[in-house]
Amino acid sequence: MTTGWAALRSGMYVTAINWHLATDEAAYIVENCEARVLLSSAAQAALADPIDSPHVERRLMFDRPDDVADRWEDYATAVSHYPTSAVAKEPMGDAMLYSSGTTGRPKGVLRSLPDVAFWDLSPKQQAAIPNPYGFGPDTIYLAPAPLYHAAPLAFWSWIRRTSPASSSSSLSSASVAAIIARVVPARLVAADVATGGA
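None of the values given here were measured: they were computed from a predicted structure.

**Describing the overall build of the protein chain**
A count of helical and extended segments in the protein chain gives seven helices and eight strands. When contacts within the protein chain are restricted to residue pairs at least 6 apart in sequence, those whose partners lie at least 24 apart make up 66%. Surface exposure of the protein chain reaches about 10,500 Å², of which carbon and sulfur atoms provide 57%.

**Thoughts on the pairing of strand β3 (residues 58–62)**
For β3, the tally of buried residues reaches four of five residues, placing the bulk of the element in the interior. Examined bridge by bridge, strand β2 (residues 37–41) and β3 share five bridges and lie parallel to one another. Within the sheet, the bridge partner assigned to Val37 lies in β3 and is Arg58. Relative to strand β4 (residues 73–74), β3 runs parallel, the two sharing two bridges. From the neighbouring strand, Leu60 faces β4, where its bridge partner is Glu73.

**Considering the nonpolar core**
Nonpolar side chains in soluble globular proteins generally cluster together in the buried interior. One finds Val30, Leu38 and Trp72 to be the most contacted residues of the largest nonpolar core, which totals 18 residues. Mapped by element, the contributors of at least two residues to this core are β1 (13–17), α2 (23–32) and α3 (45–48). Excluding anything up to four places from it in sequence, Trp72 contacts Leu38, Leu39, Ser40, Ala48, Asp49, Arg59, Leu60, Met61 and Arg64. Judged by nonpolar contacts, the second largest core, of nine residues, contains Trp5, Met92, Ala95 and Phe118.

**A closer look at the pattern of salt bridges**
In this structure the tally under the stated criterion is seven salt bridges. When the shortest N-O distance is used, the salt bridge between Asp49 and Arg71 registers 2.7 Å. With a gap of 22 residues between them, Asp49 in the loop between α3 and β3 and Arg71 in the loop between β3 and β4 connect regions that are remote in the sequence. A salt bridge links Arg111 to Asp94, with the shortest nitrogen-to-oxygen separation between them at 2.8 Å. In this pair, Arg111 sits in the loop between β7 (108–109) and α5 (123–128) while Asp94 sits in strand β5 (residues 94–95), placing the two residues 17 residues apart along the sequence. Given the relative accessible area of 16%, Asp94 is considered buried.

**With respect to α2**
Among the residues of α2, those classed as buried are Ala26, Ile29 and Val30. For α2, the arc enclosing every buried residue in end-on projection is 100 degrees, short of the 170-degree limit, so these residues lie on one face. Backbone geometry just after α2 places Glu34 at a positive phi near 55 degrees.

**Focus: the confidence of the model for the protein chain**
Residue-level pLDDT values for the protein chain average 73, and 63% of them are 70 or greater. For residues 163–177, every residue scores under 50 in pLDDT, and the model assigns this stretch 54 contacts once sequence neighbours within four places are set aside.

Basis of the calculations
Residues numbered from 1 in each chain as written. Predicted model: local features only at pLDDT ≥ 70, side-chain atom pairs only at ≥ 80, totals over all residues. Heavy atoms only, no water. Helix = DSSP H or I, 4+ residues; strand = E, 2+ residues; numbered from the N terminus. Contact = heavy atoms within 4.5 Å. Areas by Shrake-Rupley, 256 points an atom, 1.4 Å probe, with all protein chains shown as cover. Buried < 20%, exposed > 50% of the residue type's maximum accessible area, 1.4 Å probe, protein only. Pairing = 2+ DSSP bridges. Core = buried A, V, L, I, M, F, W, Y, C linked by side-chain atoms within 4.5 Å. Salt bridge = Lys/Arg side-chain N within 4 Å of Asp/Glu carboxyl O. Arc of directions from axis to C-beta. pLDDT = per-residue confidence, 0-100.

Now the structure itself:
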């Protein structure tokens, strides 16, 4: 969540990958989206470790086990070198979602990044999400739905954007970060509380 949030607030694309996919299917998405950073949880190491793409410059793993230390950086160690404060300008990033693919391969949906700061919603963007649920700065929202689906990612991003009192983690310059992780709601809540909701 923190990495996805940082990407969306740093003018990057983020692609979440379904953890139910076979390794060759996940590798196709990583290659196709030209991910420069690949993130995985240790629980998904069997899926993520064999993925090899010439575009990937960094491989970060949450709770990294010793047997993959030569191929993966520990996520917590890697991000500890970056400030936790927000960057001066937060250009808007976006999710690069993949369809299930009716012709044999998933299809990526790549939208142009708007030339706008993350917190500056255009009138068109405000009208696109009429906020029928009353999301606001005091909203607490738990979405145990997978982020590789469009709606959970969009709701999460919208709620976070209506509450600017949050911090940011950073990745070095990357155009796309691909994330392979199974969402564990109890862990997600603990991480969100530990980061102050960021």
